[in-house]
Amino acid sequence: MGRKRIAWGLRAVALAALLAYLAGRHASRSGGLVVVEVWLDRPLVLVGAAVVLIVVSLIIELDFRTRWSQIGCAVGLVALVFGGLPIAVMTYVFGGYGGRVDRFVSPNHEDRVLTVTNVAFSIDPIYRVELEVGDGWSTRHWSMGVWDTRGGDFVRIDWSGPEQITITGQKKLTVFDVGPDGSLGDPRELPLAPPLP
């Protein structure tokens, strides 16, 4: 009876880890809380821990007196190590983004900050642009999209007005209006003005 109780306790902890990850994943969407995303959107740690806890709970609960149960356990552990370990290593090595490149504070609201983060898996940068609104625990982020520098979509980003953000590309401007609560309106695309002669 004690082994089953321990096994179910480990499964409850695994479920809590999965629920925490789901909360972090939900917060990573536009409008989510930044603190929750930073702390809980950790698939490698939380989902990996949940899988390990479930496997350990099965090992604790099962009785390995027969030869077939011992073979089954060995096959399961080998599959977990040879399947899970490469995935974990690849996620750790290739999932590491280039990190935050720049941030621009609004000239009219100190609690509104544009962030530019390199999310490329290669040398050529690909930028995720977000608007963070608020202070401390209540800070929310609003997605402005992912911009590829190779296609010329992203050259720079500016606060082009009190409540306006402009992303300049090589061929067009993309303008976002910022609402009173800090949320973003739908983007508008404008042609890039030709250079003066």
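Residues numbered from 1 in each chain as written. Predicted model: local features only at pLDDT ≥ 70, side-chain atom pairs only at ≥ 80, totals over all residues. Heavy atoms only, no water.

With 19 residues, helix α3 (residues 43–61) should cover 27 Å at 1.5 Å per step; its first-to-last C-alpha distance of 26 Å lies within 8% of that length. Buried within α3 are the following residues: Leu46, Ala50, Leu53 and Ser57. Within α3, the buried residues cover an arc of 65° as seen down the axis, which keeps them to one side. Residues of α3 that are buried in the fold lie against α1 (2–27) and α2 (34–40). (Helix = DSSP H or I, 4+ residues; strand = E, 2+ residues; numbered from the N terminus. Expected span 1.5 Å × (residues − 1). Buried < 20%, exposed > 50% of the residue type's maximum accessible area, 1.4 Å probe, protein only. Arc of directions from axis to C-beta. Contact = heavy atoms within 4.5 Å.)

Okay, the environment of glutamine 164 next. As for its placement among the helices and strands, glutamine 164 is situated in strand β6 (residues 164–168). On a C-alpha basis, the gap between glutamine 164 and valine 178 in space is 5.8 Å, while along the polypeptide they are 14 residues apart. Filtering out sequence-adjacent residues up to four positions away, glutamine 164 remains in contact with Asp158, Trp159, Val175, Phe176, Asp177 and Arg188.

This paragraph deals with the packing of aromatic side chains. Here the structure, examined in full by the defined rule, presents two aromatic pairs. Ring geometry for tryptophan 39 versus tryptophan 137: centroids 5.3 Å apart, planes at 90°, classification edge-to-face. Highlighted residues: tryptophan 39 in helix α2 and tryptophan 137 in the loop between β3 (126–133) and β4 (140–148), separated in sequence by 98 residues. Over the ring of tryptophan 8 we find arginine 11, and its NZ or CZ is 4.5 Å from the ring centre. (Phe/Tyr/Trp six-rings, centres within 6.5 Å; stacked < 30°, edge-to-face > 60°. Lys NZ or Arg CZ within 6 Å of the ring centre and 35° of its normal.)

Here the focus is the pairing of strand β5 (residues 156–161). Where β5 and β6 come together, five bridges link them in antiparallel fashion. Along β6, the bridge assignment pairs aspartate 158 with threonine 166. In this antiparallel pair of consecutive strands, β5 and β6, the connection spans two residues. (Pairing = 2+ DSSP bridges.)

We now examine the pattern of salt bridges. Using the criterion set out here, one finds six salt bridges in the structure. Of the charged contacts in the structure, one is a salt bridge between arginine 25 and aspartate 41, with a shortest N-O distance of 3.4 Å. With arginine 25 in helix α1 and aspartate 41 in the loop between α2 and α3, this residue pair connects regions lying 16 residues apart in the sequence. On the basis of relative accessible area, arginine 25 is assigned to the partly exposed category, the value being 43%. Here lysine 172 and glutamate 189 are joined by a salt bridge, their closest N and O atoms 3.1 Å apart. Of this pair, lysine 172 sits in strand β7 (residues 172–177) while glutamate 189 sits in strand β8 (residues 188–191), placing them 17 residues apart in sequence. Relative accessible area serves as the criterion here: at 27%, lysine 172 is assigned to the partly exposed category. Residue classification places glutamate 189 among the exposed residues on the basis of a relative accessible area of 54%. (Salt bridge = Lys/Arg side-chain N within 4 Å of Asp/Glu carboxyl O.)

Before going further, it helps to examine the sheet that holds β7. Pairing is antiparallel across the open sheet formed by four strands, whose spatial order is β5-β6-β7-β8. On the outer flanks of this sheet lie β5 and β8, each paired with one strand and no other. Each adjacent strand pair in this sheet contributes to an overall mean axis angle of 30°, direction not counted. Two elements, β7 and β8, share four bridges in a ladder whose sense is antiparallel. Each bridged residue has a counterpart across the sheet, and for threonine 174 the counterpart in β8 is glutamate 189. (Axes fitted to C-alpha atoms, helices over the stretch in contact; angles between N-to-C directions.)

On to a nonpolar patch on the surface. Taken together, Leu15, Leu19 and Leu22 make up a surface patch of nonpolar side chains, about 300 Å² in accessible area. Relative to the helices and strands, leucine 22 resides in helix α1. (Patch = residues over 30% accessible without salt bridge, like charges linked within 9 Å, V, L, I, M, F, W, Y side chains within 5 Å. Areas by Shrake-Rupley, 256 points an atom, 1.4 Å probe, with all protein chains shown as cover.)

So, about the nonpolar core. Counting 15 residues, the largest nonpolar core has Val129, Leu131, Met144, Phe154, Ile157, Ile165 and Ile167 as its most contacted members. Every element with two or more residues in this core is listed here: β2 (112–118), β3, β4, β5 and β6. Ranked by residue count, the leading element in this core is β3, at four residues. Setting aside anything within four residues of it in sequence, one finds leucine 131 in contact with Arg112, Val113, Leu114, Arg140, His141, Trp142, Met144, Trp159, Ile165, Val178, Gly182 and Leu184. Residues Leu10, Ala14, Leu46 and Leu53 belong to the second largest nonpolar core, which totals seven residues. (Core = buried A, V, L, I, M, F, W, Y, C linked by side-chain atoms within 4.5 Å.)

In short, the description is geometric, and any link to function would need to be established separately.
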